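Coordinate analysis (summary)
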Amino acid sequence: MENHNSVLGIREYALAQGASACAVDIEETANQPDHLTNSGPSIKVKHRAVQMRNTSKLQKEESKGDAYNLFAFPSECNFSGVRFDLDLVNLIKENAETTLEGSPFSKSKRWMVLIDAAKGCATLPPDLSEYPADFVAVSFYKLFGYPTGLGALLVRNDSAKLLKKTYFSGGTVAASIADIDFVKRRERVEESFEDGSASFLSIAAIRHGFKLLKSLTPSAIWMHTTSLSIYVKKKLQALRHGNGTGVCILYGSENLKLSSHKSGPTVTFNLKRPDGSWFGYLEVEKLASLSGIQLRTGCFCNPGACAKYLDLSHSDLLSNVEAGHVCWDENDVINGKPTGAVRVSFGYMSTFEEAKKFVDFIISSFVSPPKKIGNGNVVSGRFSQLPSEELESKESFPSHYLKSITIYPIKSCAGFYVMRWPLCRTGLLHDREWMVQGLTGDILTQKKVPDMSLIRTFIDLEEGLLSVESSRCKDKLHIKIKSGSHANILENLNEETRINSWFTNAIGRQCKLLRYSSSTSNHCLNRNKSPGFCRDLESNINFANEAQFLLISEESVSDLNRRLEAKDEDYKRAHEKLNPYRFRPNLVVSGGEPYAEDKWRTIKIGDNHFTSLGGCNRCQMINISNEAGLVKKSNEPLTTLASYRRVKGKILFGTLLRYEIDEKTQCWIGVGDEVNPDIE
């Protein structure tokens, strides 16, 4: 049940040929610590339903016990780290009838055993003189951390004779003739199975990996990694929220008092909120990445162990698939149950400092402290206001007004400020009406090309021109917003080539500029764009990610700056204060309390009405800054925002708005307009 998908896939050969397959549960009863015995633990094998696709002569051989059978199991579960007793090798090969009692395979006599030691070899490699398995799979990536995609299959000589291979390629045949059915295969097993050129450049690195393992010794690596994993497990198991509820559910580590040889250097877990609901594993992964911590999440290609430890029934798994959940997607909690877990693995290079940093990260990011009461007000917990002498009573805050308006004509490029601007059904006129597309059809943004922030834009409404400039280009680029009806195909093609050439030079890679096609203007700078690439004509947003407008409160940014300064003096010295434009808002409002915008339901700005669509989910793009023409990346401010502005995996800052358009009149919005929110 706890095999990796790489092992489960072997059953496809068996089922396709009419043979049967069956998953089993391995149960071990450990001896008591003070019980002296050499008999070892008791092993029970419980079988699940037999899988079968069609009938064939193979099943007749099975019933007689003449067919060869394969028993495959991992030396260490890659999901939980639980180690399986290698005595299974001898029990299956020598006493299958008793070991598999009650299963349809108990009468089978010819048993071969495969050990998947890809994970287990890193700390406790199996002794094949004591446990004579027929096949052992090894991963050099798991042993040394490099190179990926390279491993080995160890095969006993007497078992190798039974292997039959259909396909051949270069290097695996002694002779072949193209126009008649003739092939002479190479005789040695490794010669016939290693198709094509061996990965000799990667193989050269293996020598250095084995040299390192030999100098450290497997036993020392095992003791080192085990001590780290037990330290982390105990720390996580002891964590409690302020209301007394547990924080962490460990998998495969129910009893840490058992001998440590029962588990590898792996810590697998999920985290709970104070109300008992689950933190999604993707939330943990994203925040860990911000803190420089790399870990794995999901089911780790081990569906059996995942279902076992997460208590997912067949109906749960099938309904999750029907709901659209597949491996590698972002559905980490469905119907109140996690669909995967978080896994931390330790190797010979891991240190205690790293383990402690991880525990500290879990405490600071996911453990809710007790609520403190001061002057009758709650002053801690998520979405709380930072205690500060600078924050005065509510009555001292002025009313809200519109501080600035920013238009971003080209998605992910710099915007420009205006005092007044017309509104349309897509928001601010010409806002994010253009975007840059790479050669493969992907949308280029600052996440992929940070230097896009250095491209400056401006629109002259009277002249009908979009002007674009970059320090990488000698001349400004001017684009006509409205092309004349007299323009012919050749003129359009030349214009398109000129524009795309300018952006290719500005960005440093081949690209082209696309314009959103609206119901009032079908013109698009790229006439041959892929069908369906531009948004639907009835859409009310151009190339914006989520909404027509992003509103940022000046007071909320000030509160964030206070938190950054209080958190890190080094950050304060190295960085200027954040300004609201770091978050690429269309509208900046001033006045009121920090985060008051969280509760706004509808807003009236001047004579225009807007509806709040909720908070804006922030990503690492806000960690990119443009200082004196240089693009810099850091972990802030997203890391600090994650510590107090996180709601169900989303880091919210700013408010998304939809414009309630008045079709009868041409509406404008202006700096200084009064902002009147309707609070929930």
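Below: a short report on this structure. This is a predicted model, so every value here is computed, not measured. (Residues numbered from 1 in each chain as written. Predicted model: local features only at pLDDT ≥ 70, side-chain atom pairs only at ≥ 80, totals over all residues. Heavy atoms only, no water.)

**So, the overall build of the protein chain**
Scanning the protein chain for helices and strands turns up 17 helices and 35 strands. Expressed as a percentage of its 680 residues, the buried residues of the protein chain come to 44%. When contacts within the protein chain are restricted to residue pairs at least 6 apart in sequence, those whose partners lie at least 24 apart make up 68%. (Helix = DSSP H or I, 4+ residues; strand = E, 2+ residues; numbered from the N terminus. Buried < 20%, exposed > 50% of the residue type's maximum accessible area, 1.4 Å probe, protein only. Contact = heavy atoms within 4.5 Å.)

**A closer look at helix H15 (residues 554–567)**
Residue pairs spaced three or four apart in an α-helix point in one direction, given the helix's 3.6 residues per turn. Taking 1.5 Å per residue as the helical rise, H15 with its 14 residues ought to reach 20 Å, and the 20 Å between its terminal C-alpha atoms agrees with that figure. Looking at H15, one finds that the buried residues are Glu555, Ser556, Val557, Asp559, Leu560, Asn561, Arg562, Arg563 and Leu564. Between a side-chain oxygen at the N-terminus of H15 and the backbone nitrogen of Glu555 the separation is 3.2 Å; the capping residue is Ser553. (Expected span 1.5 Å × (residues − 1). Polar contact = N/O pair within 3.5 Å; in protein donor to acceptor, adjacent residues only side chain to side chain.)

**Structural notes on the environment of Cys299**
Within the fold, Cys299 resides in the loop between strand E11 (296–298) and helix H11 (303–310). Accessibility expressed as a relative area gives 25% for Cys299, which makes it partly exposed. C-alpha separation for the pair Cys299 and Cys327, spaced 28 residues apart in sequence, amounts to 8.0 Å. Residues contacting Cys299, with those up to four places away along its chain left out, are Phe79, Cys306, Thr339 and Gly340.

**A short note on the sheet that holds strand E3 (residues 68–74)**
The four strands lie next to each other as E3-E4-E5-E6, forming an open sheet whose pairing is mixed. Since the sheet does not close on itself, it has two edges, and those belong to E3 and strand E6 (151–155), each with one partner. The mean angle between the axes of side-by-side strands here comes to 15 degrees, regardless of whether they run parallel or antiparallel. Where strand E5 (residues 135–139) and E6 come together, five bridges link them in antiparallel fashion. Bridging from a neighbouring strand, Val136 pairs with Leu154 of E6. (Pairing = 2+ DSSP bridges. Axes fitted to C-alpha atoms, helices over the stretch in contact; angles between N-to-C directions.)

**With respect to the packing of aromatic side chains**
For any pair of aromatic rings, the description consists of the separation of the ring centres together with the inter-plane angle of the planes. Inspection of the entire model under this criterion finds 24 aromatic pairs. A ring pair is formed by Phe361 and Phe366, whose centres lie 5.8 Å apart and whose planes are at 85 degrees; its orientation type is edge-to-face. By the burial criterion, Phe361 is buried, and Phe366 matches it. Plain terms: the ring middles of Trp502 and Phe503 are 5.1 Å apart, the flat faces sit at 75 degrees to each other, and that makes the pair edge-to-face. The exposure class of Trp502 is buried, given its relative accessible area of 9%. A relative accessible area of 0% means that Phe503 is categorised as buried. (Phe/Tyr/Trp six-rings, centres within 6.5 Å; stacked < 30°, edge-to-face > 60°.)

From the geometry alone we can't say anything about function, so treat these as descriptive.
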